[in-house]
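Fold and contact review
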Amino acid sequence: MDVLGLMLGLLGAAFAAGMAGIGSAVGIGIAGESAAGVMSEDPDKFGSCLILQALPGTQGIYGLLIAFIVLNKLGLLGGQPVSISWSQGLLVFAACLPIAIVGWYSAIWQGKTSAASIQMISKKPDAFAKAVILPAMVETYAVLALLTSFITLMVISF
Amino acid sequence: MSYVYAVARLRSMENRFLDASFFARLIDSATLDDALKSLGETVYAQGISGAPDAGGFDRIIDGELIAACDDLKRFVPDKELVDLCRMPHDFNNVKVILKSLFKAREGGERRYDLLSRLGAVDTESLIMALEGEEYGFLPYRLGDVIPRCWSLWEQTKDPQCVETVLDGHLFAAMLELARELEGKLKTGAVTRWVEHKIDAENLRNAVRLQRMGCDPAAALPFFHKGGTIGPGDAARLMGEPLESWSKSLSHTGIGAALEVSQERADVQVTLSEISKALDGYLIRVLEKAKYSTSAPENVILYLLRKEEEARNLRIALVCVANGLNREFARRLLSHGR
């Protein structure tokens, strides 16, 4: 068994789940601060604030999904690790990078947009639909990165 | 607490600002009681307990401003931003106490009833420090300037000279605090705002001195350093008609604010129109911050709007209480939100 290949694959899974997760935590934190500020004055806005705060959390889920796919592909979930070369491991690692990097960065920016949208609904509660669409636009790029990582992993065969 | 939290909270608090339609209704009130009844339906309700006399509304308005400042101090990461806005009130209090002490030396009466509660420093401690000549206890390095004020008073017996020295020190202290804050905030906007505030004060002084027929060279000591318009430029403006000031200042942002200003027969009308335009300008220079979720200058912007609201309320209530011309009062109101 080539340990280096397996290690590279695992490192990719860790990056995907870790970086996207960190991004989501930061994004949710930013949106949460804004939500807390609005709710200090207007507790009735809890529902709308919660939805907007949750939006940057999806990148963490995408990262986790890719990590699961990698672990499954490496046979680690079933307890029977596959034998892969270091170059194959490197391919798996590379496949994880789109969701790791884009997930991390887009979650932070989505958090900032969510914070702005929360401030928007504090002044104009009727504009909730518009307020959700703005951070959702950032999500597009996280979804594209997820698709890239997913398709790349699917085409790698051991 | 972070600025994301603070700005979001301020956005919610802004919803409680009184709007233009409220001011229109307030001015149209038949009596002060009716006006106070309308005020009782707003955030100012807390201050209206019992039936205040005609001047009692000042206490209500001041109370709301103090409550707003205290509120902000609880959640704004840099409390100095609130102190920066309250600093002019502290200096105003120092002027009142000093003038009272000058009068007292000549056998006059102390006018501590004119002290404002809006300053960041407790008025009692200011009185104690100034009366007891314990200048070391004074904030904003006022201890360095008070002895100068006393010697100036001894020489000239002119309170205006003392006021000019204190104003100069106020702006220097505001600039110092703003620059200190910029070290942390890294926005540059707070210092720029103080510079524009100095410009606005210099222009107000220029209008007053021009209308008094003061010679530009003699007026130079009344202008303050630190703004984008130097004292020399401000003095030069006095030689020009008011209508051309905006053109002469077109290289600065403040020039556009003066476009509306015209020479009027009544100096008070000219002054109040210019003051209104300059106050509006000082709010506009910070308004870019309203699109940011975490810009610290939003704190100053909120306090300026609150002060604008208080000013509008005072105009409206004085007008109703004294039965003044409603149309005149409407013209004096700044853009009520």
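Residues numbered from 1 in each chain as written. Chains lettered and ligands numbered in written order. Predicted model: local features only at pLDDT ≥ 70, side-chain atom pairs only at ≥ 80, totals over all residues. Heavy atoms only, no water.

**Some words on the overall build of chain B**
Scanning chain B from terminus to terminus reveals 16 helices and zero strands. Residue burial in chain B is summarised as follows: out of 337 residues, 51% are buried. Summed over its atoms, the accessible surface of chain B is roughly 15,200 Å², and 51% of this surface lies on carbon and sulfur atoms. Counting 44 positive and 50 negative side-chain charges, chain B places the centres of these two groups 3 Å from one another. (Helix = DSSP H or I, 4+ residues; strand = E, 2+ residues; numbered from the N terminus. Buried < 20%, exposed > 50% of the residue type's maximum accessible area, 1.4 Å probe, protein only. Areas by Shrake-Rupley, 256 points an atom, 1.4 Å probe, with all protein chains shown as cover. Lys, Arg positive; Asp, Glu negative; His and termini not counted. Charge placed at Lys NZ, Arg CZ, Asp CG, Glu CD.)

**Description of the pattern of salt bridges**
By the definition in use, this model includes 28 salt bridges over all chains. Lys45 of chain A is the salt-bridge partner of Asp42 of chain A, the closest N and O atoms lying 2.4 Å from each other. Measuring nitrogen to oxygen at the nearest pair gives 2.7 Å for the salt bridge that ties Arg74 of chain B to Asp71 of chain B. Taken together, the positions of Arg74 of chain B and Asp71 of chain B, both in helix H4 (residues 56-75) and three residues apart, correspond to about one turn of that helix. (Salt bridge = Lys/Arg side-chain N within 4 Å of Asp/Glu carboxyl O.)

**Regarding the state of the cysteines**
All names here are of chain B. Applying the stated criterion across every chain, the model contains zero disulfides over all chains. No disulfide involves Cys149; its nearest neighbouring cysteine sulfur is the one of Cys161, lying 10 Å away. A residue is classified by how much of its surface remains accessible, and Cys161, at 22% relative accessible area, is partly exposed. (Disulfide = S-S within 2.5 Å.)

**Some points on the environment of Ser85 of chain A**
Residue and element names in this part refer to chain A. Relative to the helices and strands, Ser85 resides in the loop between helix H3 (58-73) and helix H4 (86-123). Judged by relative accessible area, which is 26%, Ser85 ranks as partly exposed. It is 7.9 Å that separates the C-alpha atoms of Ser85 and Leu6, two residues lying 79 residues apart in sequence. Beyond its immediate sequence surroundings of up to four residues, Ser85 is in contact with Asp2 and Gly5. At 3.1 Å, the side chain of Ser85 forms a polar contact with the side chain of Ser87. (Contact = heavy atoms within 4.5 Å. Polar contact = N/O pair within 3.5 Å; in protein donor to acceptor, adjacent residues only side chain to side chain.)

**Details of the interface of chain A and chain B**
How big an interface is tends to be reported as the loss of accessible area on association of its parts. The interface of chain A with chain B comprises 14 residues on the first partner and 15 residues on the second. Across the chain A/chain B interface, buried area totals approximately 1,200 Å², and carbon plus sulfur atoms make up 51% of it. When the area that chain A buries against chain B is broken down by residue, the three leading residues are Glu41, Gln119 and Lys123 of chain A, summing to 51%. Across the chain A-chain B interface, the total number found is three salt bridges. Among the salt bridges present, the one from Lys123 of chain A reaches Glu14 of chain B, with a minimum N-O distance of 2.7 Å. Our count for the chain A to chain B interface comes out at eight residue pairs in polar contact (both at pLDDT 80 or more). Looking at the side of chain A that touches chain B, the elements with two or more residues in it are helix H1 (3-41) and H4 of chain A. (Buried area = accessible area lost by both parts, 1.4 Å probe.)

**Focus: the packing of H4 of chain A against helix H5 (residues 128-155) of chain A**
Residue and element names in this part refer to chain A. Packing of H4 against H5 leaves a shortest axis separation of 8 Å and a crossing angle of 175 degrees. Taken as axis vectors, H4 and H5 run roughly antiparallel relative to one another. Residue composition of the contact of H4 with H5, grouped by class: 20 nonpolar, eight polar and two charged. (Axes fitted to C-alpha atoms, helices over the stretch in contact; angles between N-to-C directions. Parallel < 35°, antiparallel > 145°, perpendicular 65-115°, else oblique. Nonpolar A, V, L, I, M, F, W, Y, C, P; charged D, E, K, R; others polar.)

**Focus on the confidence of the model for chain B**
Taken residue by residue, chain B gives an average pLDDT of 87. The fraction at 70 or more is 95%. Across the interface, the model reports ipTM at 0.85; the global pTM reads 0.86. (pLDDT = per-residue confidence, 0-100.)

**Details of the nonpolar core**
Residues and elements named next belong to chain B. Leu72, Leu98, Ile146 and Trp193 are the most contacted members of the largest nonpolar core, which has 82 residues in total. With residues up to four places along the chain from it excluded, the contact list for Trp193 reads Leu84, Cys85, Met174, Leu282, Val285, Leu286, Ile300 and Leu304. Counting 24 residues, the second largest nonpolar core, distinct from the first, contains Phe22, Phe23, Leu26 and Cys319. (Core = buried A, V, L, I, M, F, W, Y, C linked by side-chain atoms within 4.5 Å.)

**Here's the deal with H5 of chain A**
Residues and elements named next belong to chain A. Over its 28 residues, H5 runs 41 Å from end to end, which matches the ideal 40 Å to within 8%, given 1.5 Å per residue. Taken as a whole, H5 carries its principal kink of about 30 degrees at Met137. For H5, every residue scored as buried is listed here: Ala131, Pro135, Val138, Glu139, Ala142, Ala145, Leu146, Ser149 and Leu153. Contact partners of the buried residues in H5: helix H2 (46-54), H3 and H4. (Expected span 1.5 Å × (residues − 1). Bend = angle between axes of the 7 residues up to and from the residue.)

**Looking at a nonpolar patch on the surface**
Residue and element names in this part refer to chain A. Residues Tyr141, Val143, Leu144, Leu147, Phe150, Ile151, Met154 and Val155 make up a contiguous nonpolar surface patch of about 750 Å² in total accessible area. Residue position: Ile151 is located in helix H5. For Ile151, a relative accessible area of 49% translates into the label partly exposed. (Patch = residues over 30% accessible without salt bridge, like charges linked within 9 Å, V, L, I, M, F, W, Y side chains within 5 Å.)

**Re the domain arrangement of chain B**
Residue and element names in this part refer to chain B. On domain assignment, one finds that chain B holds domain 1 (1-76 + 314-337), domain 2 (78-186) and domain 3 (187-295). Computed over C-alpha atoms, the centres of domain 1 and domain 3 are 27 Å apart. Summed over both sides, the interface of domain 1 with domain 3 buries roughly 680 Å², with 53% coming from carbon and sulfur. At the junction of domain 1 with domain 3, the criterion picks out zero salt bridges. The interface formed by domain 1 and domain 3 includes three residue pairs in polar contact (both at pLDDT 80 or more). When contributions to the side of domain 1 that touches domain 3 are tallied by element, the ones reaching two or more residues are helix H1 (3-14) and helix H16 (326-332). Residues that form the side of domain 1 that touches domain 3 fall into these classes: six nonpolar, one polar and two charged. (Domains from an automatic or database assignment.)

**Quick word on helix H5 (residues 80-105) of chain B**
All names here are of chain B. Taking 1.5 Å of rise per residue, 26 residues should cover 38 Å, and H5 covers 36 Å from first to last C-alpha, within 8% of that figure. Considering bend angle alone, the principal kink of H5 is centred on Arg86 and spans about 45 degrees; proline Pro88 follows within four residues of it. One or two steps after H5, the chain reaches Gly107, where phi turns positive at roughly 85 degrees.

**Regarding unusual backbone geometry**
One non-glycine residue, Tyr140 of chain B, lies in the positive phi region at around 50 degrees. Classification of Tyr140 of chain B by relative accessible area gives partly exposed; the value is 22%.

**Comments concerning the packing of aromatic side chains**
Residues and elements named next belong to chain B. Scanning the model with the defined rule gives eight aromatic pairs over all chains in all. On the basis of an interplanar angle of 75 degrees and a centroid distance of 6.0 Å, the ring pair of Phe22 and Phe23 is categorised as edge-to-face. Residue Phe22 is classed as buried on the basis of its relative accessible area, which comes to 5%. Residue Phe23 is classed as buried on the basis of its relative accessible area of 2%. (Phe/Tyr/Trp six-rings, centres within 6.5 Å; stacked < 30°, edge-to-face > 60°.)

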